[in-house]
Amino acid sequence: MSLPLAPIKCDDKRDEQQHKSAWFQFIKSVATFKGDLTSLTAPPFLLAPQSIVEYSTYWAEHPSLLVSPAREECAEKRALRVLQWFISTLKHQHASKDENGKRKKMKPLNPFLGEIFLGEWLDDAGTTHLVTEQVSHHPPATAFRIWNDAHGVRLEGHVEPRAYFSSTINIERRGYSILHIDKYDEDHWITMPKAHVEGIVTFQIAPELSGISYIRSSSGYTSRINYSSKGWLKGKSNSFTATVYRENDETSPLYVLEGRWSDSYTIKNGKGEILDTVDLSTLRRTPLRVAPIELQHPLESRRAWKHVVDAIHANDVFAVGHEKSKIENAQRMLRKREKEAGETWKRRYFTQVEKDPIAEKLSIKSKSTGDCHHGMIWKFDHLKYKKIMEYQRNGIKSPTHTRFDSGVGFLEETEV
């Protein structure tokens, strides 16, 4: 039995100085911490009202761009369309402000093992499906699959974020994604750029991208994206330059894209002639449809984190910590019970594999990409998914086994 908790709310103006003080104390602890920063507890006022598992939605906010390459007959132009789709995924994922101009809270909730996020987009491209699952907690890893049957396009990947401090907070996103187009039996291997936090001294916190990422197709075309930020004397924030070239012919680019991934960019051909200017602000995001919370599976992110998110929206810092601790403590108890029983958590939609032939064939090994596999490769398991869908259609519940529902209850009948 727990006692009712009186909400402790924060007034923005009154507590701004307290937030700054807490932020600098947090940075001090980060600067001296040895290890992965994702394991550190951030001040409640920094917490975003969503889990990292929801970040996979950024891949398909514009379904028409995701499926666009399937409508292009020319392999060279398909590579360009894949690159343009990829650039469109960066803005809202890394923006420091939301669409209303309000500064976003930068620290998403750390997913628990087995956390899932399901949804779909409905627009002119038809129905695009999303399945995401937190497949590992130590180290953290998220696997996802996005597909559109009408256009024969599917995107599958896994990401293992690692945060560390070196002058500022830096984030590496190990892993990769593969975009497959059925019509051409074509694969595109995709990596993510590094990210870091700017403005830690001025408290104007904003993410920035750096380094290099790649997209390499089985049709013989590669896109190399270089990211840069504003310097002391010149340059603009959120800048990038991308080149599309034939395999082993990087010195002769077919297309050059240059601009800002948060604003607009130009497309030039190999001769330097401007072919198009793309204004990313004109892109309208298709809303993701998810089931009402009361109908969601207990492991679905928004149901599991509901009390934490409600507290974040209410600026109730005490309740944020209290509800978050309930989930974290419940997870520790589950891991302890599994260890005592000699069991491991059964992944719901994905299965770990030793090799990925497509990635091994297409991957580019360099200092900027490193080893994208890291011994942890997760693939969508069609048999698991099919079985779950059949169970749901027939109204069958799975046998009693260890499960987790917002930090309450460990051994109950689990919904399929």
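Overview of the structure. The model shown is predicted, which means the values in this text are computed figures rather than measured ones.

Focus: the packing of aromatic side chains
Link 1 in the chain: Considering all chains together, one arrives at 11 aromatic pairs under this definition.
Link 2 in the chain: For the ring pair Y55 and Y58, a centre distance of 5.4 Å and an interplane angle of 85 degrees mean the geometry is edge-to-face.
Link 3 in the chain: On the basis of relative accessible area, Y55 is assigned to the partly exposed category, the value being 22%.
Link 4 in the chain: When its relative accessible area of 7% is taken as the criterion, Y58 is described as buried.
Link 5 in the chain: Ring centres 5.6 Å apart and planes at 90 degrees place the aromatic pair W147 and Y385 in the edge-to-face group. Taken together, the residues span a long stretch of sequence, with W147 in strand β5 (residues 140-148) and Y385 in helix α9 (residues 382-394) at a distance of 238 residues.
Link 6 in the chain: One aromatic cluster is present, formed by W147, Y349, F350, F380 and Y385 through successive ring pairs.
Link 7 in the chain: Stacked on the ring of Y184, the Lys or Arg R78 has its end atom at 3.7 Å from the ring centre.
Link 8 in the chain: Over the ring of W147 we find R145, and its NZ or CZ is 5.4 Å from the ring centre.

With respect to the side chain of N269
Link 1 in the chain: Here N269 is to be found in strand β14 (residues 264-269).
Link 2 in the chain: At a separation of 2.8 Å, a polar atom in the side chain of N269 contacts the side chain of E273.
Link 3 in the chain: Contact partners of N269, with chain neighbours within four places excluded, come to L254, Y255 and L275.

Some points on helix α6 (residues 306-313)
Link 1 in the chain: Of the positions making up α6, those classed as buried are V308, V309, A311 and I312. All buried residues of α6 project into a common sector of 160 degrees when viewed along the axis, lining one side.
Link 2 in the chain: In this structure, the buried residues of α6 make contact with β1 (47-51), β2 (107-109) and α7 (317-341).
Link 3 in the chain: Just downstream of α6 lies N315, where phi reads positive at about 55 degrees.

Brief notes about empty space enclosed by the protein
Link 1 in the chain: Applying the stated criterion to the full structure yields three cavities of 30 Å³ or more.
Link 2 in the chain: In this model, the largest cavity occupies a volume close to 50 Å³.
Link 3 in the chain: Around the largest cavity sit E156, G157, H158, Y176, I178, D356, I377, W378 and K379, which together line it.
Link 4 in the chain: Of the residues in the lining of the largest cavity, the class split is four nonpolar, two polar and three charged.

Regarding the pairing of strand β3 (residues 116-123)
Two faces belong to every sheet, and in a regular strand the side chains alternate between them.
Link 1 in the chain: Pairing analysis gives eight bridges linking β3 to strand β4 (residues 126-137), with the strands arranged antiparallel. Within β4, the residue paired with D123 across the bridge is G126.
Link 2 in the chain: Taken together, β3 and the strand that follows it, β4, pair antiparallel across an intervening segment of two residues.

How each quantity is defined
- Residues numbered from 1 in each chain as written.
- Predicted model: local features only at pLDDT ≥ 70, side-chain atom pairs only at ≥ 80, totals over all residues.
- Heavy atoms only, no water.
- Phe/Tyr/Trp six-rings, centres within 6.5 Å; stacked < 30°, edge-to-face > 60°.
- Buried < 20%, exposed > 50% of the residue type's maximum accessible area, 1.4 Å probe, protein only.
- Helix = DSSP H or I, 4+ residues; strand = E, 2+ residues; numbered from the N terminus.
- Lys NZ or Arg CZ within 6 Å of the ring centre and 35° of its normal.
- Polar contact = N/O pair within 3.5 Å; in protein donor to acceptor, adjacent residues only side chain to side chain.
- Contact = heavy atoms within 4.5 Å.
- Arc of directions from axis to C-beta.
- 1 Å grid on protein atoms, 1.4 Å probe; cavity = no way out; pocket = protein on both sides within 12 Å on 5 of 7 lines; lining within 4 Å.
- Points joined across faces, edges and corners; volume = space filled by probe spheres on them.
- Nonpolar A, V, L, I, M, F, W, Y, C, P; charged D, E, K, R; others polar.
- Pairing = 2+ DSSP bridges.

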